[in-house]
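If you want the building blocks of each chain, they are given just below.
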Amino acid sequence: MADFKRTIQEKAKNHFDYMVQTRRYLHKNPEVSFKEYDTTDYILHELKKIGIETHRPLETGCVGIIEGGKTSDRVIALRADIDALAMDEEGEAKRSFMSDRPGAAHCCGHDAHTANLLGAANILTEMQDEIEGNVLLIFQPAEETLPGGGRLLCETDFLQEHNVQEIYGLHTSPVHQTGTIATKPGPLMARPDEFEITIKGTGGHAASPHLTVDPIVMLGEIITQFQTIVSRSVDPADPAVVTIGRVRAGSTYNVIPAQAELIGTVRTFSQENAYLIRDRMESILKGIADGAGGGYEFEFNEGYPAVVNNEKLTDYLIKTSKRYLGDNAVTQMPKPLMAGEDFAFYQQQFPGAFFLLGSGSEEADSQWSWHHPRYNVDEKCMLTGSALMAGLVLGE
Ligand code: NI
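**Comments concerning the overall build of the protein chain**
Thought 1: Within the protein chain one finds eleven helices and 16 strands.
Thought 2: Taken along its principal axes, the extent of the C-alpha atoms in the protein chain is 80 × 45 × 40 Å.
Thought 3: Residue burial in the protein chain is summarised as follows: out of 396 residues, 52% are buried.
Thought 4: Put simply, 81% of the contacts in the protein chain that link residues at least 6 apart link residues at least 24 apart.
Thought 5: Total accessible area on the protein chain stands at roughly 17000 Å², and carbon and sulfur atoms take up 49% of it.
Thought 6: Side chains of the protein chain give 35 positive and 56 negative charges; the mean places of these two sets differ by 4 Å.

Now the structure itself:
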(Lines give C-alpha, C1' and ligand atoms only; values in the text may rest on other atoms or scores of the structure.)
Protein backbone atom coordinates (compact mmCIF):
# COMPACT_ATOMS: atom_id res chain seq x y z
CA MET A 1 0.00 0.00 0.00
CA ALA A 2 2.87 2.35 0.72
CA ASP A 3 3.63 2.42 -2.99
CA PHE A 4 0.22 3.86 -3.77
CA LYS A 5 0.82 6.76 -1.48
CA ARG A 6 4.11 7.77 -3.07
CA THR A 7 2.90 7.05 -6.59
CA ILE A 8 -0.27 9.07 -6.18
CA GLN A 9 1.55 12.01 -4.63
CA GLU A 10 4.06 12.04 -7.47
CA LYS A 11 1.36 11.82 -10.07
CA ALA A 12 -0.59 14.68 -8.45
CA LYS A 13 2.57 16.78 -8.73
CA ASN A 14 3.02 15.77 -12.36
CA HIS A 15 -0.51 16.86 -13.17
CA PHE A 16 -0.41 20.05 -11.12
CA ASP A 17 0.34 22.38 -14.04
CA TYR A 18 -2.45 20.73 -16.00
CA MET A 19 -4.90 21.32 -13.16
CA VAL A 20 -3.82 24.96 -12.82
CA GLN A 21 -4.25 25.58 -16.56
CA THR A 22 -7.63 23.86 -16.52
CA ARG A 23 -8.83 25.80 -13.52
CA ARG A 24 -7.73 29.10 -15.09
CA TYR A 25 -9.38 28.28 -18.41
CA LEU A 26 -12.66 27.51 -16.60
CA HIS A 27 -12.27 30.60 -14.46
CA LYS A 28 -11.91 32.78 -17.54
CA ASN A 29 -14.91 31.12 -19.21
CA PRO A 30 -17.51 30.71 -16.46
CA GLU A 31 -21.08 29.57 -17.15
CA VAL A 32 -23.97 29.86 -14.72
CA SER A 33 -26.20 27.00 -13.55
CA PHE A 34 -27.89 24.93 -16.30
CA LYS A 35 -25.94 26.84 -18.99
CA GLU A 36 -22.64 24.96 -18.68
CA TYR A 37 -22.45 24.01 -22.38
CA ASP A 38 -18.88 25.07 -23.17
CA THR A 39 -17.72 23.77 -19.80
CA THR A 40 -19.29 20.37 -20.53
CA ASP A 41 -17.68 20.21 -23.99
CA TYR A 42 -14.35 21.05 -22.41
CA ILE A 43 -14.65 18.32 -19.76
CA LEU A 44 -15.83 15.73 -22.31
CA HIS A 45 -12.83 16.56 -24.48
CA GLU A 46 -10.44 16.20 -21.55
CA LEU A 47 -11.93 12.85 -20.51
CA LYS A 48 -11.94 11.43 -24.04
CA LYS A 49 -8.32 12.53 -24.49
CA ILE A 50 -7.28 10.05 -21.79
CA GLY A 51 -9.58 7.31 -23.02
CA ILE A 52 -12.35 7.60 -20.43
CA GLU A 53 -15.84 6.45 -21.43
CA THR A 54 -18.24 9.40 -21.16
CA HIS A 55 -21.98 9.81 -20.68
CA ARG A 56 -24.26 12.80 -20.69
CA PRO A 57 -27.34 11.95 -18.63
CA LEU A 58 -28.41 15.61 -18.38
CA GLU A 59 -28.26 18.45 -20.88
CA THR A 60 -25.18 19.90 -19.20
CA GLY A 61 -22.56 18.19 -17.10
CA CYS A 62 -21.32 14.66 -17.75
CA VAL A 63 -20.12 11.46 -16.14
CA GLY A 64 -16.90 9.60 -16.93
CA ILE A 65 -16.45 5.92 -16.14
CA ILE A 66 -13.13 4.25 -15.44
CA GLU A 67 -13.21 0.47 -15.44
CA GLY A 68 -10.70 -0.87 -12.97
CA GLY A 69 -8.25 -3.59 -13.93
CA LYS A 70 -9.24 -5.73 -10.95
CA THR A 71 -12.63 -7.35 -10.98
CA SER A 72 -14.78 -6.32 -8.06
CA ASP A 73 -18.34 -5.24 -7.31
CA ARG A 74 -17.11 -1.98 -5.87
CA VAL A 75 -18.41 1.14 -7.63
CA ILE A 76 -17.20 4.42 -6.19
CA ALA A 77 -18.39 7.82 -7.39
CA LEU A 78 -16.44 11.07 -7.10
CA ARG A 79 -18.39 14.25 -7.63
CA ALA A 80 -17.44 17.78 -8.71
CA ASP A 81 -19.86 20.64 -9.40
CA ILE A 82 -19.08 22.78 -12.44
CA ASP A 83 -21.31 25.88 -12.44
CA ALA A 84 -20.40 29.52 -11.82
CA LEU A 85 -22.40 32.22 -10.03
CA ALA A 86 -24.41 34.97 -11.70
CA MET A 87 -22.22 37.84 -10.48
CA ASP A 88 -19.18 39.90 -11.42
CA GLU A 89 -15.82 39.27 -9.82
CA GLU A 90 -12.93 41.33 -8.51
CA GLY A 91 -9.44 40.46 -7.38
CA GLU A 92 -5.83 41.23 -8.19
CA ALA A 93 -4.72 37.64 -7.68
CA LYS A 94 -6.94 36.52 -10.57
CA ARG A 95 -5.96 39.35 -12.93
CA SER A 96 -4.52 37.15 -15.71
CA PHE A 97 -7.54 34.84 -15.83
CA MET A 98 -10.45 37.07 -14.83
CA SER A 99 -13.90 36.14 -16.20
CA ASP A 100 -14.39 37.05 -19.85
CA ARG A 101 -18.14 36.73 -19.40
CA PRO A 102 -19.92 39.63 -17.68
CA GLY A 103 -22.47 38.49 -15.12
CA ALA A 104 -20.80 35.11 -14.56
CA ALA A 105 -17.92 34.31 -12.24
CA HIS A 106 -16.40 31.34 -10.45
CA CYS A 107 -16.63 32.86 -6.98
CA CYS A 108 -17.40 29.57 -5.27
CA GLY A 109 -14.43 27.51 -6.42
CA HIS A 110 -16.31 25.12 -8.72
CA ASP A 111 -13.63 25.79 -11.36
CA ALA A 112 -11.11 24.24 -8.97
CA HIS A 113 -13.48 21.35 -8.12
CA THR A 114 -13.69 20.52 -11.83
CA ALA A 115 -9.95 20.87 -12.50
CA ASN A 116 -9.22 18.83 -9.38
CA LEU A 117 -11.43 15.94 -10.52
CA LEU A 118 -9.89 16.04 -13.99
CA GLY A 119 -6.51 15.80 -12.25
CA ALA A 120 -7.74 12.79 -10.28
CA ALA A 121 -9.07 11.30 -13.56
CA ASN A 122 -5.57 11.51 -15.01
CA ILE A 123 -3.98 9.92 -11.95
CA LEU A 124 -6.55 7.11 -11.87
CA THR A 125 -6.29 6.39 -15.59
CA GLU A 126 -2.55 5.89 -15.19
CA MET A 127 -3.21 3.50 -12.31
CA GLN A 128 -6.20 1.79 -13.90
CA ASP A 129 -4.75 -1.70 -13.49
CA GLU A 130 -4.66 -1.27 -9.72
CA ILE A 131 -8.28 -0.16 -9.39
CA GLU A 132 -10.81 -2.63 -8.01
CA GLY A 133 -14.23 -2.23 -9.63
CA ASN A 134 -15.42 0.90 -11.38
CA VAL A 135 -15.08 4.62 -10.75
CA LEU A 136 -17.70 7.17 -11.78
CA LEU A 137 -16.47 10.73 -12.20
CA ILE A 138 -19.48 13.01 -11.86
CA PHE A 139 -19.23 16.51 -13.28
CA GLN A 140 -22.51 17.87 -12.04
CA PRO A 141 -24.21 21.04 -13.30
CA ALA A 142 -26.15 23.63 -11.33
CA GLU A 143 -25.21 23.17 -7.70
CA GLU A 144 -26.08 26.80 -7.05
CA THR A 145 -29.64 26.89 -8.33
CA LEU A 146 -32.82 25.05 -7.34
CA PRO A 147 -33.86 22.35 -8.02
CA GLY A 148 -30.12 21.50 -8.07
CA GLY A 149 -28.20 19.50 -10.67
CA GLY A 150 -27.53 16.80 -8.07
CA ARG A 151 -31.25 16.22 -7.67
CA LEU A 152 -31.83 16.05 -11.43
CA LEU A 153 -28.99 13.59 -11.90
CA CYS A 154 -30.31 11.36 -9.11
CA GLU A 155 -33.75 11.44 -10.73
CA THR A 156 -32.36 10.01 -14.00
CA ASP A 157 -31.46 6.68 -12.29
CA PHE A 158 -28.13 6.79 -14.14
CA LEU A 159 -26.20 6.26 -10.91
CA GLN A 160 -28.45 3.40 -9.77
CA GLU A 161 -28.06 1.72 -13.13
CA HIS A 162 -24.31 1.85 -12.67
CA ASN A 163 -24.60 0.36 -9.18
CA VAL A 164 -22.95 3.20 -7.30
CA GLN A 165 -22.23 2.10 -3.73
CA GLU A 166 -20.39 5.02 -2.23
CA ILE A 167 -19.91 8.64 -3.17
CA TYR A 168 -17.50 11.40 -2.13
CA GLY A 169 -17.59 15.12 -2.77
CA LEU A 170 -15.63 18.16 -1.67
CA HIS A 171 -15.83 21.93 -1.50
CA THR A 172 -12.93 24.36 -1.36
CA SER A 173 -12.78 26.20 1.96
CA PRO A 174 -11.20 29.60 2.52
CA VAL A 175 -11.29 29.11 6.29
CA HIS A 176 -9.10 26.01 6.21
CA GLN A 177 -5.41 26.07 5.29
CA THR A 178 -4.25 24.64 1.99
CA GLY A 179 -2.96 21.11 2.47
CA THR A 180 -5.65 20.23 4.99
CA ILE A 181 -9.20 18.93 4.87
CA ALA A 182 -12.08 19.22 7.33
CA THR A 183 -15.10 17.03 7.86
CA LYS A 184 -17.21 15.26 10.45
CA PRO A 185 -19.54 12.26 10.61
CA GLY A 186 -23.28 12.93 10.76
CA PRO A 187 -24.81 16.34 10.00
CA LEU A 188 -22.32 18.51 8.08
CA MET A 189 -24.33 21.09 6.18
CA ALA A 190 -27.84 22.38 6.68
CA ARG A 191 -31.06 22.03 4.74
CA PRO A 192 -31.79 25.48 3.19
CA ASP A 193 -35.45 26.29 2.50
CA GLU A 194 -36.77 29.64 1.26
CA PHE A 195 -39.94 31.57 1.99
CA GLU A 196 -41.85 34.40 0.37
CA ILE A 197 -44.62 36.25 2.16
CA THR A 198 -47.03 38.93 0.98
CA ILE A 199 -48.95 40.67 3.74
CA LYS A 200 -52.23 42.11 2.54
CA GLY A 201 -53.85 45.15 4.07
CA THR A 202 -55.92 48.06 2.81
CA GLY A 203 -54.02 51.15 1.76
CA GLY A 204 -55.00 54.76 2.34
CA HIS A 205 -53.99 58.17 3.68
CA ALA A 206 -51.30 58.15 6.34
CA ALA A 207 -53.36 60.60 8.37
CA SER A 208 -56.39 58.29 8.43
CA PRO A 209 -55.02 54.96 9.68
CA HIS A 210 -58.46 54.03 11.05
CA LEU A 211 -59.71 53.75 7.47
CA THR A 212 -56.91 51.37 6.49
CA VAL A 213 -55.48 47.97 7.45
CA ASP A 214 -51.81 48.83 7.78
CA PRO A 215 -49.59 46.02 6.45
CA ILE A 216 -46.47 47.71 7.86
CA VAL A 217 -47.74 47.27 11.41
CA MET A 218 -48.50 43.60 10.65
CA LEU A 219 -45.03 43.28 9.13
CA GLY A 220 -43.46 44.55 12.35
CA GLU A 221 -45.38 42.05 14.44
CA ILE A 222 -44.56 39.21 12.10
CA ILE A 223 -40.83 39.99 12.19
CA THR A 224 -40.89 39.99 15.99
CA GLN A 225 -43.03 36.86 16.30
CA PHE A 226 -40.81 34.95 13.88
CA GLN A 227 -37.97 35.41 16.35
CA THR A 228 -39.83 33.16 18.77
CA ILE A 229 -39.96 30.17 16.40
CA VAL A 230 -36.40 29.00 16.92
CA SER A 231 -36.18 30.21 20.51
CA ARG A 232 -39.53 28.76 21.70
CA SER A 233 -40.62 25.99 19.33
CA VAL A 234 -37.46 24.20 18.14
CA ASP A 235 -35.54 21.79 20.37
CA PRO A 236 -32.54 23.87 21.55
CA ALA A 237 -30.22 20.91 20.99
CA ASP A 238 -31.09 20.99 17.29
CA PRO A 239 -29.57 23.90 15.33
CA ALA A 240 -32.00 26.01 13.28
CA VAL A 241 -32.11 29.47 11.75
CA VAL A 242 -34.94 31.70 10.53
CA THR A 243 -33.56 34.73 8.71
CA ILE A 244 -35.59 37.42 6.99
CA GLY A 245 -33.39 38.62 4.15
CA ARG A 246 -35.53 41.36 2.63
CA VAL A 247 -38.57 43.42 3.54
CA ARG A 248 -40.37 45.73 1.16
CA ALA A 249 -43.27 48.02 1.91
CA GLY A 250 -44.51 51.47 1.07
CA SER A 251 -43.35 54.25 -1.20
CA THR A 252 -43.50 57.59 0.60
CA TYR A 253 -44.14 59.58 3.83
CA ASN A 254 -47.86 59.95 3.72
CA VAL A 255 -49.29 56.79 2.19
CA ILE A 256 -50.20 53.59 3.98
CA PRO A 257 -49.48 50.88 1.40
CA ALA A 258 -51.84 48.04 0.51
CA GLN A 259 -49.27 45.33 0.98
CA ALA A 260 -45.84 44.42 2.32
CA GLU A 261 -43.44 41.69 1.29
CA LEU A 262 -40.87 39.67 3.14
CA ILE A 263 -38.49 36.96 1.97
CA GLY A 264 -35.94 34.86 3.76
CA THR A 265 -34.39 31.49 4.44
CA VAL A 266 -34.81 28.69 6.97
CA ARG A 267 -31.90 26.39 7.89
CA THR A 268 -32.39 23.08 9.67
CA PHE A 269 -30.99 19.56 9.75
CA SER A 270 -34.22 17.60 9.31
CA GLN A 271 -37.44 17.66 7.36
CA GLU A 272 -39.27 17.40 10.65
CA ASN A 273 -37.82 20.67 11.93
CA ALA A 274 -38.23 22.39 8.56
CA TYR A 275 -41.93 21.50 8.56
CA LEU A 276 -42.32 22.49 12.21
CA ILE A 277 -40.91 25.94 11.37
CA ARG A 278 -43.03 26.22 8.24
CA ASP A 279 -46.20 25.43 10.20
CA ARG A 280 -45.31 27.87 13.01
CA MET A 281 -44.73 30.60 10.42
CA GLU A 282 -48.11 29.92 8.91
CA SER A 283 -49.95 30.05 12.23
CA ILE A 284 -48.21 33.30 13.20
CA LEU A 285 -49.16 34.82 9.84
CA LYS A 286 -52.73 33.68 10.21
CA GLY A 287 -53.04 34.96 13.78
CA ILE A 288 -51.63 38.39 12.99
CA ALA A 289 -53.54 38.79 9.74
CA ASP A 290 -56.84 37.72 11.35
CA GLY A 291 -56.29 40.03 14.30
CA ALA A 292 -55.66 43.01 12.05
CA GLY A 293 -58.37 42.21 9.52
CA GLY A 294 -55.85 41.66 6.74
CA GLY A 295 -54.63 38.67 4.79
CA TYR A 296 -51.44 37.00 3.58
CA GLU A 297 -49.89 34.78 0.96
CA PHE A 298 -47.22 32.34 2.07
CA GLU A 299 -44.89 30.30 -0.09
CA PHE A 300 -42.40 27.89 1.42
CA ASN A 301 -39.98 26.52 -1.18
CA GLU A 302 -38.14 23.40 -0.13
CA GLY A 303 -34.43 23.52 -0.89
CA TYR A 304 -31.83 20.79 -0.59
CA PRO A 305 -31.91 18.20 2.17
CA ALA A 306 -29.19 18.40 4.84
CA VAL A 307 -25.75 16.95 4.09
CA VAL A 308 -25.42 14.07 6.54
CA ASN A 309 -22.19 12.11 6.34
CA ASN A 310 -22.26 8.33 6.52
CA GLU A 311 -20.29 7.24 9.62
CA LYS A 312 -18.40 4.37 8.00
CA LEU A 313 -17.41 6.34 4.91
CA THR A 314 -16.38 9.36 6.96
CA ASP A 315 -14.18 7.11 9.04
CA TYR A 316 -12.58 5.78 5.84
CA LEU A 317 -12.23 9.33 4.48
CA ILE A 318 -10.48 10.51 7.65
CA LYS A 319 -8.15 7.51 7.74
CA THR A 320 -7.28 7.88 4.07
CA SER A 321 -6.70 11.63 4.48
CA LYS A 322 -4.37 11.07 7.42
CA ARG A 323 -2.47 8.51 5.44
CA TYR A 324 -2.09 10.64 2.30
CA LEU A 325 -1.85 14.10 3.83
CA GLY A 326 -0.51 13.50 7.34
CA ASP A 327 -2.10 13.21 10.77
CA ASN A 328 -2.26 16.95 11.30
CA ALA A 329 -3.89 17.65 7.96
CA VAL A 330 -7.35 16.55 9.08
CA THR A 331 -9.64 18.81 11.09
CA GLN A 332 -12.56 17.08 12.78
CA MET A 333 -15.18 19.81 12.67
CA PRO A 334 -16.83 20.32 16.06
CA LYS A 335 -20.11 21.49 14.54
CA PRO A 336 -21.88 21.56 11.21
CA LEU A 337 -22.16 24.53 8.85
CA MET A 338 -25.50 26.24 8.27
CA ALA A 339 -24.81 26.59 4.51
CA GLY A 340 -26.45 24.13 2.08
CA GLU A 341 -25.08 21.78 -0.62
CA ASP A 342 -26.94 19.71 -3.18
CA PHE A 343 -24.54 16.80 -2.53
CA ALA A 344 -27.29 15.94 -0.04
CA PHE A 345 -29.41 14.44 -2.84
CA TYR A 346 -26.81 11.75 -3.53
CA GLN A 347 -26.66 10.96 0.16
CA GLN A 348 -30.41 10.32 0.18
CA GLN A 349 -29.75 7.37 -2.15
CA PHE A 350 -26.18 6.24 -1.54
CA PRO A 351 -23.83 6.23 1.44
CA GLY A 352 -21.78 9.38 0.98
CA ALA A 353 -19.19 11.57 2.65
CA PHE A 354 -18.49 15.21 1.98
CA PHE A 355 -15.49 17.25 3.08
CA LEU A 356 -14.04 20.73 2.93
CA LEU A 357 -10.79 21.04 1.04
CA GLY A 358 -8.61 23.73 2.64
CA SER A 359 -7.87 26.39 0.02
CA GLY A 360 -7.17 29.40 2.21
CA SER A 361 -3.82 31.14 2.27
CA GLU A 362 -2.80 34.73 2.73
CA GLU A 363 -0.19 34.43 0.02
CA ALA A 364 -2.73 33.37 -2.60
CA ASP A 365 -5.28 35.98 -1.43
CA SER A 366 -7.74 33.12 -1.00
CA GLN A 367 -9.30 33.80 2.38
CA TRP A 368 -12.34 35.69 1.11
CA SER A 369 -15.61 34.06 1.95
CA TRP A 370 -17.64 31.92 -0.49
CA HIS A 371 -19.55 34.04 -3.04
CA HIS A 372 -17.45 37.16 -2.31
CA PRO A 373 -16.44 38.93 -5.56
CA ARG A 374 -12.79 38.40 -4.58
CA TYR A 375 -13.27 34.69 -3.75
CA ASN A 376 -10.20 32.78 -4.85
CA VAL A 377 -8.54 29.44 -4.17
CA ASP A 378 -4.94 28.64 -3.44
CA GLU A 379 -4.38 26.40 -6.46
CA LYS A 380 -2.13 24.11 -4.41
CA CYS A 381 -5.33 22.76 -2.86
CA MET A 382 -5.69 20.70 -6.04
CA LEU A 383 -2.53 18.77 -5.14
CA THR A 384 -4.23 17.72 -1.93
CA GLY A 385 -7.66 17.23 -3.47
CA SER A 386 -6.67 15.18 -6.49
CA ALA A 387 -4.36 12.93 -4.46
CA LEU A 388 -7.06 12.35 -1.88
CA MET A 389 -9.77 11.60 -4.46
CA ALA A 390 -7.42 9.08 -6.11
CA GLY A 391 -6.49 7.72 -2.67
CA LEU A 392 -10.15 7.13 -1.82
CA VAL A 393 -10.39 4.92 -4.90
CA LEU A 394 -7.14 3.04 -4.42
CA GLY A 395 -7.45 2.51 -0.69
CA GLU A 396 -5.92 3.63 2.54
NI1 NI B 1 -20.11 26.14 -4.05
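**Brief notes about the packing of helix H2 (residues 16-28) against helix H4 (residues 110-126)**
Thought 1: Relative to each other, H2 and H4 sit at 145 degrees, their axes nearing to 8 Å. Crossing of H2 over H4 shows right-handed handedness. On the side of H2, the interface is formed by Tyr 18, Met 19, Thr 22, Arg 23, Leu 26 and His 27, while H4 contributes Asp 111, Ala 112, Thr 114, Ala 115, Asn 116, Leu 118, Gly 119 and Asn 122.
Thought 2: Looking at the contact of H2 with H4 residue by residue, the class counts come to six nonpolar, six polar and two charged.

**Some words on H2**
Thought 1: Taking 1.5 Å per residue, 13 residues should reach 18 Å; H2 reaches 18 Å between its end C-alpha atoms and fits that length.
Thought 2: Within H2, the full set of buried residues consists of Phe 16, Tyr 18, Met 19, Val 20, Thr 22, Arg 23, Leu 26 and His 27.

**Regarding the coordination of the nickel ion**
Thought 1: Protein ligation of the nickel ion involves Cys 108 (SG), His 110 (NE2) and His 171 (NE2), the donor distances falling in the range 2.1 to 2.3 Å.
Thought 2: As a motif over one chain, the donors of the nickel ion read C-x1-H-x60-H.
Thought 3: For Cys 108, a relative accessible area of 7% puts it in the buried group.

**Describing the packing of aromatic side chains**
Thought 1: Inspection of the entire model under this criterion finds seven aromatic pairs.
Thought 2: Ring plane angle 45 degrees and centroid distance 5.7 Å describe the contact between Phe 343 and Tyr 346, whose orientation is recorded as tilted.
Thought 3: The exposure class of Phe 343 is buried, given its relative accessible area of 0%.

**Things to note about the nonpolar core**
Thought 1: Core analysis: the largest hydrophobic core is formed by 58 residues, its most contacted members being Leu 78, Leu 137 and Phe 139.
Thought 2: No other element matches helix H11 (residues 381-394), which puts nine residues into this core.
Thought 3: Those residues in contact with Phe 139, other than ones at most four positions away along the chain, are Ile 43, Leu 47, Gly 61, Cys 62, Ala 80, Ile 82, Thr 114, Leu 117 and Leu 118.

**What to know about the domain arrangement of the protein chain**
Thought 1: Splitting the protein chain by domain gives domain 1 (2-190 + 306-394) and domain 2 (191-301).
Thought 2: When each unit is reduced to the centre of its C-alpha atoms, the spacing between domain 1 and domain 2 is 38 Å.
Thought 3: Counting from both sides, the interface comprises eleven residues of domain 1 and, opposite them, nine residues of domain 2.
Thought 4: For domain 1, the biggest contributors to the area lost against domain 2 are Ala 190, Ala 306 and Met 338; these three give 63% of the whole.
Thought 5: Taken together, the links from domain 1 to domain 2 amount to zero salt bridges.

**What about the environment of Leu 152?**
Thought 1: Take Leu 152: it is sitting in helix H5 (residues 149-155).
Thought 2: Under the relative-accessibility criterion, Leu 152 is labelled partly exposed at 26%.
Thought 3: Here the alpha-carbon distance between Leu 152 and Leu 58, two residues 94 residues apart in the chain, equals 7.8 Å.
Thought 4: Among all residues touching Leu 152, those that are not within four sequence positions of it are Phe 34, Leu 58 and Pro 147.

**Thoughts on the pattern of salt bridges**
Note on pairing: side chains with opposite charge can pair once their charged atoms come close.
Thought 1: In this structure the tally under the stated criterion is 24 salt bridges.
Thought 2: Linking Glu 126 and Lys 11 is a salt bridge whose minimum nitrogen-to-oxygen distance equals 3.1 Å. You can see Glu 126 sitting in helix H4 and its partner Lys 11 sitting in helix H1 (residues 2-14), a full 115 residues away along the chain.
Thought 3: Its salt-bridge partner being Glu 155, residue Arg 151 comes within 3.1 Å of it at the nearest N-O pair. A residue pair is termed a helical-turn pair when its members lie 3 or 4 positions apart in one helix, as Arg 151 and Glu 155 do in helix H5 at four residues.
Thought 4: Of the residues examined, Arg 151 reaches a relative accessible area of 32% and is grouped as partly exposed.
Thought 5: Among the ionic contacts, a cluster of salt bridges with common partners joins Arg 23, Arg 24, Asp 111 and Glu 379.

**A few points about the sheet that holds strand S12 (residues 259-268)**
Strand pairing in a sheet relies on backbone hydrogen bonds, with the paired strands running either antiparallel or parallel.
Thought 1: Across the sheet, four strands lie side by side as S10-S12-S8-S13; this open sheet has antiparallel pairing. Only two strands of the sheet have a single neighbouring strand rather than two, namely strand S10 (241-249) and strand S13 (295-301). For this sheet the average axis-to-axis angle between neighbouring strands, irrespective of direction, equals 15 degrees.
Thought 2: In the sheet, S10 pairs with S12 via eight bridges, with the strands oriented antiparallel. Across the sheet, residue Val 247 finds its bridge partner in S12, namely Leu 262.

**Overview of the side chain of Thr 180**
Thought 1: Position of Thr 180 among the secondary structure elements: in the loop between strand S5 (166-177) and strand S6 (181-183).
Thought 2: Residue Thr 180 is classed as buried on the basis of its relative accessible area, which comes to 15%.
Thought 3: At a separation of 2.6 Å, a polar atom in the side chain of Thr 180 contacts the main-chain carbonyl oxygen of Gln 177.
Thought 4: Filtering out sequence-adjacent residues up to four positions away, Thr 180 remains in contact with Ala 329, Leu 356, Leu 357 and Gly 358.

Procedures and definitions
- Residues numbered from 1 in each chain as written.
- Predicted model: local features only at pLDDT ≥ 70, side-chain atom pairs only at ≥ 80, totals over all residues.
- Heavy atoms only, no water.
- Helix = DSSP H or I, 4+ residues; strand = E, 2+ residues; numbered from the N terminus.
- Buried < 20%, exposed > 50% of the residue type's maximum accessible area, 1.4 Å probe, protein only.
- Contact = heavy atoms within 4.5 Å.
- Areas by Shrake-Rupley, 256 points an atom, 1.4 Å probe, with all protein chains shown as cover.
- Lys, Arg positive; Asp, Glu negative; His and termini not counted.
- Charge placed at Lys NZ, Arg CZ, Asp CG, Glu CD.
- Axes fitted to C-alpha atoms, helices over the stretch in contact; angles between N-to-C directions.
- Left-handed = near helix turned anticlockwise from the far one by under 90°.
- Nonpolar A, V, L, I, M, F, W, Y, C, P; charged D, E, K, R; others polar.
- Expected span 1.5 Å × (residues − 1).
- Donors = N, O, S within 2.8 Å, 3.2 Å for Na, K, Ca; no water.
- Phe/Tyr/Trp six-rings, centres within 6.5 Å; stacked < 30°, edge-to-face > 60°.
- Core = buried A, V, L, I, M, F, W, Y, C linked by side-chain atoms within 4.5 Å.
- Domains from an automatic or database assignment.
- Buried area = accessible area lost by both parts, 1.4 Å probe.
- Salt bridge = Lys/Arg side-chain N within 4 Å of Asp/Glu carboxyl O.
- Pairing = 2+ DSSP bridges.
- Polar contact = N/O pair within 3.5 Å; in protein donor to acceptor, adjacent residues only side chain to side chain.

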